[in-house]
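Results of the structural survey
The residues making up each chain are set out below.
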Amino acid sequence: MNITNHKLTISAFSLNLIMAFAAFGQTPAAADVRPLASGKTVEREMKAAEEHFYVVKLKPNQSLRLQLEEGQEANYVFRLINADSGETIIDADLTQTFGREEITYIAQAKENLKILVKAPEKPEGSARYKLTATIAKRATEADKERIKAEELSREVWKHWANAEKLRGNVEQSYKNATVLAEEALEIRRNQVDKYWESWTLHFLGSIYRKLNDDQKALNYYGQSLTISREIKNQNIESSALYN
């Protein structure tokens, strides 16, 4: 065996491994990667900008539901990644301020997945979160409807962001957001998902306020407030009262 070539091969492999971790802003020694079991809740603290990774394996047609409870109203990075290719599958940011994120995914084949939770750059005090994974042996229609609602909510945020940044027709962007939010609201109500129903109602109130339709805005804020009190969610309740 050519020892020199052998050493070069090992060095090249090590370099590739370091570069792969560097893509996530980590070194191999610093990367925090743990398995994530179905039905278990992980509760941890993080330093500013710290990254935690979790790994999950899915079989064809299995569904994965991830729920992230964010501490102190911090806006975490919450991302589902293909562990083999490193490509982002879903970059979740449904609420941005209310302390909860959700990802639902259905595997089309055997898939190795990685979940990234990254703390804000400058959290106030220690950043804490809870992460729960639920894996079902077979995806259901409810899973597909939840995925649709999540996709609609992300599109709502895009239209909202365009309007807030004065991109294109601002009024039309807000109107487009209301149409998508109403569709997402119907799904959440059909699934009896009180948290996301309350959040969507609140967001609709915010959009109609931007459209200067105070009557509709107050109506949606009022409905959101009633549900947030019912489920004892202080984040949405306080925001609804503020508005």
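Quick caveat: nothing in here was measured; it's all calculated off a predicted structure. (Residues numbered from 1 in each chain as written. Predicted model: local features only at pLDDT ≥ 70, side-chain atom pairs only at ≥ 80, totals over all residues. Heavy atoms only, no water.)

1. Some points on unusual backbone geometry
Notably, Ala49 is not glycine yet its phi reads approximately 65°, a positive angle. Locating Ala49 in the fold gives a position in the loop between strand E2 (41-46) and strand E3 (51-58). Positive phi values are uncommon outside glycine, yet Val192 reaches one of about 50°. You can see Val192 is positioned in the loop between helix H3 (170-190) and helix H4 (194-210). Residue Val192 is classed as exposed on the basis of its relative accessible area, which comes to 60%. (Helix = DSSP H or I, 4+ residues; strand = E, 2+ residues; numbered from the N terminus. Buried < 20%, exposed > 50% of the residue type's maximum accessible area, 1.4 Å probe, protein only.)

2. Some thoughts on H3
In an α-helix, one turn spans 3.6 residues; hence positions three or four apart end up facing the same way. Helix length check: H3 (21 residues) gives 31 Å between terminal C-alpha atoms against 30 Å at 1.5 Å per residue, within 8%. Every buried residue belonging to H3 is among Ser173, Tyr174, Ala177, Thr178, Leu180, Ala181, Ala184, Leu185, Ile187 and Arg188, and all of these are buried. By the N-cap criterion, in which a side-chain oxygen at the helix start approaches the backbone nitrogen of a residue two or three places on, H3 is capped by Asn169, the distance to Glu171 being 3.3 Å. Positive phi appears at Val192, one or two residues downstream of H3, with a value of about 50°. (Expected span 1.5 Å × (residues − 1). Polar contact = N/O pair within 3.5 Å; in protein donor to acceptor, adjacent residues only side chain to side chain.)

3. Points about H4
Between its first and last C-alpha, H4 extends 25 Å over 17 residues, near the 24 Å set by a 1.5 Å rise per residue. The buried count for H4 comes to 14 of 17 residues, which makes it a mostly enclosed element. Remark: Asn212 follows H4 within two positions and exhibits a positive phi of approximately 65°.

4. Quick notes on the sheet that holds strand E1 (residues 33-35)
With mixed pairing, the 5 strands of this open sheet are ordered in space as E1-E3-E8-E5-E6. Two strands in the sheet have a free side with no partner beyond their single neighbour: E1 and strand E6 (88-92). For this sheet, the mean angle separating the axes of adjacent strands, direction not counted, is 25°. Two elements, E1 and E3, share 3 bridges in a ladder whose sense is parallel. Bridge pairing in E3 places Pro35 opposite Val55. (Pairing = 2+ DSSP bridges. Axes fitted to C-alpha atoms, helices over the stretch in contact; angles between N-to-C directions.)

5. Description of the sheet that holds strand E4 (residues 63-70)
Taking strand neighbours across the sheet as the criterion, the 4 strands line up as E2-E9-E4-E7 in an open arrangement whose pairing is antiparallel. Pairing within the sheet leaves two strands with one partner each, and these edge strands are E2 and strand E7 (100-106). Across the sheet, the mean angle from the axis of one strand to that of its neighbour is 15°, orientation sign disregarded.

6. Here we look at the packing of helix H2 (residues 141-164) against H4
Packing of H2 against H4 leaves a shortest axis separation of 12 Å and a crossing angle of 25°. Here H2 is positioned roughly parallel relative to H4, judged by the angle of their axes. When the axes of H2 and H4 are compared, the crossing they make is left-handed. Residue-level inspection shows Ser153, Val156, Trp157, Trp160 and Glu164 of H2 in contact with H4, the latter providing Trp199, Phe203, Ser206, Ile207 and Lys210. A breakdown of the residues in the contact of H2 with H4 according to their chemical character gives 6 nonpolar, 2 polar and 2 charged. (Parallel < 35°, antiparallel > 145°, perpendicular 65-115°, else oblique. Left-handed = near helix turned anticlockwise from the far one by under 90°. Contact = heavy atoms within 4.5 Å. Nonpolar A, V, L, I, M, F, W, Y, C, P; charged D, E, K, R; others polar.)

7. Here we look at the packing of aromatic side chains
In this structure the tally under the stated criterion is 9 aromatic pairs. Residues Trp157 and Trp160 carry aromatic rings whose centres are separated by 6.4 Å and whose planes lie at 85° to one another, so their mutual orientation is edge-to-face. A residue pair is termed a helical-turn pair when its members lie 3 or 4 positions apart in one helix, as Trp157 and Trp160 do in helix H2 at 3 residues. Judged by relative accessible area, Trp157 falls into the buried class, the value being 15%. Judged by relative accessible area, Trp160 falls into the buried class, the value being 14%. On the basis of an interplanar angle of 35° and a centroid distance of 4.7 Å, the ring pair of Trp157 and Phe203 is categorised as tilted. Of this pair, Trp157 sits in helix H2 while Phe203 sits in helix H4, and the two are 46 residues apart along the sequence. This pair shows no difference in class: Trp157 is buried, exactly as Phe203 is. Through a chain of ring-to-ring contacts, the aromatic side chains of Trp157, Trp160, Tyr174, Tyr195, Trp196, Trp199 and Phe203 assemble into a single cluster. A cation over a ring is seen here: Arg100 above Tyr195, with NZ or CZ 3.9 Å from the ring centre. (Phe/Tyr/Trp six-rings, centres within 6.5 Å; stacked < 30°, edge-to-face > 60°. Lys NZ or Arg CZ within 6 Å of the ring centre and 35° of its normal.)

8. Details of the environment of Glu164
Mapped onto the fold, Glu164 is located in helix H2. Looking at Glu164, the relative accessible area reads 38%, which means it is partly exposed. In the structure, Glu164 is positioned 46 residues away from Lys210 in sequence and 9.6 Å away in space, judged by C-alpha atoms. Look past the residues within four positions of Glu164 in its chain and what remains in contact with it is Tyr174 and Lys210. Polar side-chain contacts of Glu164 include one of 2.3 Å to the side chain of Tyr174.

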